[in-house]
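Close look at the chain arrangement
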Amino acid sequence: KLDQIQQRMAVIAGLQQALNDLLMNLALWSLLILAIPLVVAKAIAGVYLAFLALVILASFEAVQPLAEAFQKLGHSVAAGERLFKVTDTNPQVQEPAAPLPVPSNIPGRFSLEFEHVHFAYQSNEGEVVHDISFEVSTGKRIAIVGASGAGKSTLVNLALRFWDPDKGTIRLNGYDIRQYALGDLRGLIGVVSQDTYLFNDSMRGNLLLARPEASDSEIEQALEQAQLTAFIQQLPRGLATWVGEQGLRLSGGERQRLAIARALLKDAPLLVLDEATANLDPMTEHTLLDALDMLMQGRTTLVITHRLVRMERMDEILVLDEGSIRERGTHEQLLRSGGLYQQMVQLQEGILSLT
Ligand SMILES: Nc1ncnc2c1ncn2[C@@H]1O[C@H](COP(=O)(O)OP(=O)(O)O)[C@@H](O)[C@H]1O
Ligand SMILES: [Mg+2]
């Protein structure tokens, strides 16, 4: 479609140019046809002919850019309209008029609770999550497992208030998250997800994004815990090394470690790991899980994954299937009950034994 539009634009621009030239030449010819007989009849002097021809050419010089100007005007108006469309859309979520104060940062004193939460991205489409209730209580580790598309990341989007539930309530420390200022709420939740966004900035700049006022020693500590110290040391310019588009390219494992270091720096009391080790080879995943353990210490953690590794460390596991919780319990309990969870574990072990 873009191709077609571009083709049309080129045709229009070409026609304009051709029309311009045609008009200019016509004017010149008319002049010559009218004026030459006059010169021959000695009604006007020969030099005026050259002079008039130049005047005609010069007059076109002035109007020629007009066509282009109109085209540019059209472009600008269309771009402006698009901008207004963006700024005029209502935000998905509203800030509270009188937000609650931020709960003070006492490590391990944070809980997150979903109560009968229903949600659909589009009102005319089916619900993506149905009647979800669970609690990640203070200092606990809860895992949500399920196939891709089950609605796991949607729950994270809801907890961060990128959308609000259609029905039900999400609570932080007992209060509806809609009562907190958005910035405060998001400041309390550290997220390590599958894709880590790197900005076109230095390594240090990318880390400081999590907490701009962090000191050098805090950065060093975070790097140590995320097992990045050796990697940074071998970089040509250490923390000043440029990453992103024009700089250093990081491997999947390195990016995830950077994300972990960011979360450590942010030091949020609630932690969400959304497929934090997906797409990594088993060796890298293994060492990263150690770094993640460090991160989870003293934090209330929600772990989201479709890979069932180290599940025995979780306080509770919820099995999400097509937006509903089908099973819940500890690793032991779920294995014994012989349901969906056990099938998922067996399937994964089967795949592992093949490789
Ligand atoms: N921004 C969105 N707009 C519309 N539908 C979405 C959006 N994000 C996810 N979905 C749909 O919601 C369902 C659940 O997606 P998701 O929560 O990402 O699952 P999971 O994280 O378990 O793989 C999928 O069918 C997906 O297509
Ligand atoms: Mg997901």
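Residues numbered from 1 in each chain as written. Chains lettered and ligands numbered in written order. Predicted model: local features only at pLDDT ≥ 70, side-chain atom pairs only at ≥ 80, totals over all residues. Heavy atoms only, no water.

**Re the layout of surface pockets**
With a probe scaled to a water molecule rolled over the atoms, the places where space remains empty come into view. Looking at the largest pocket, its volume works out to about 500 Å³. Looking at the lining of the largest pocket, the elements with two or more residues in it are helix 3 (152-159), strand 6 (189-193) and helix 8 (252-266). Top element by residues in the lining of the largest pocket is strand 6. It accounts for 5 residues. Residue classes in the lining of the largest pocket are distributed as 12 nonpolar, 5 polar and 5 charged. (1 Å grid on protein atoms, 1.4 Å probe; cavity = no way out; pocket = protein on both sides within 12 Å on 5 of 7 lines; lining within 4 Å. Points joined across faces, edges and corners; volume = space filled by probe spheres on them. Helix = DSSP H or I, 4+ residues; strand = E, 2+ residues; numbered from the N terminus. Nonpolar A, V, L, I, M, F, W, Y, C, P; charged D, E, K, R; others polar.)

**Some remarks on the domain arrangement of the chain**
Here the chain is described as being made up of domain 1 (2-88) and domain 2 (112-354). Computed over C-alpha atoms only, the centres of domain 1 and domain 2 are separated by 61 Å. (Domains from an automatic or database assignment.)

**A closer look at the pairing of strand 9 (residues 270-274)**
In terms of burial, strand 9 is a largely internal element, 5 of the 5 residues being buried. Side chains of strand 9 alternate between two faces, with Leu-270, Val-272 and Asp-274 and Leu-271 and Leu-273 buried alike. Alignment of strand 6 against strand 9, held across 5 bridges, turns out to be parallel. Paired with Val-192 across the bridge in strand 9 is Leu-273. With 5 bridges connecting them, strand 9 and strand 10 (residues 300-305) associate as parallel partners. Bridge pairing links Leu-273 to Val-303 in strand 10. (Buried < 20%, exposed > 50% of the residue type's maximum accessible area, 1.4 Å probe, protein only. Pairing = 2+ DSSP bridges.)

**Side note on a nonpolar patch on the surface**
Residues Leu-19, Leu-22, Leu-23, Leu-26, Trp-29, Leu-32, Ile-33, Ile-36 and Val-40 make up a contiguous nonpolar surface patch of roughly 910 Å² in combined accessible area. Position of Leu-32 among the secondary structure elements: in helix 1 (residues 2-40). With relative accessibility at 30%, the residue Leu-32 sits in the partly exposed group. (Patch = residues over 30% accessible without salt bridge, like charges linked within 9 Å, V, L, I, M, F, W, Y side chains within 5 Å. Areas by Shrake-Rupley, 256 points an atom, 1.4 Å probe, with all protein chains shown as cover. Salt bridge = Lys/Arg side-chain N within 4 Å of Asp/Glu carboxyl O.)

**Things to note about the nonpolar core**
Counting 45 residues, the largest nonpolar core has Ile-260, Leu-273, Leu-295 and Tyr-341 as its most contacted members. The leading source of residues in this core is helix 8, at 7 residues. Sequence-distant contacts of Leu-273, that is, excluding residues within four places in its chain, are made with Val-192, Leu-292, Leu-295, Met-296, Thr-301, Leu-302, Val-303 and Ile-304. Ile-132, Leu-155, Ala-159 and Ile-189 belong to the second-largest nonpolar core, a separate cluster that totals 30 residues. (Core = buried A, V, L, I, M, F, W, Y, C linked by side-chain atoms within 4.5 Å. Contact = heavy atoms within 4.5 Å.)

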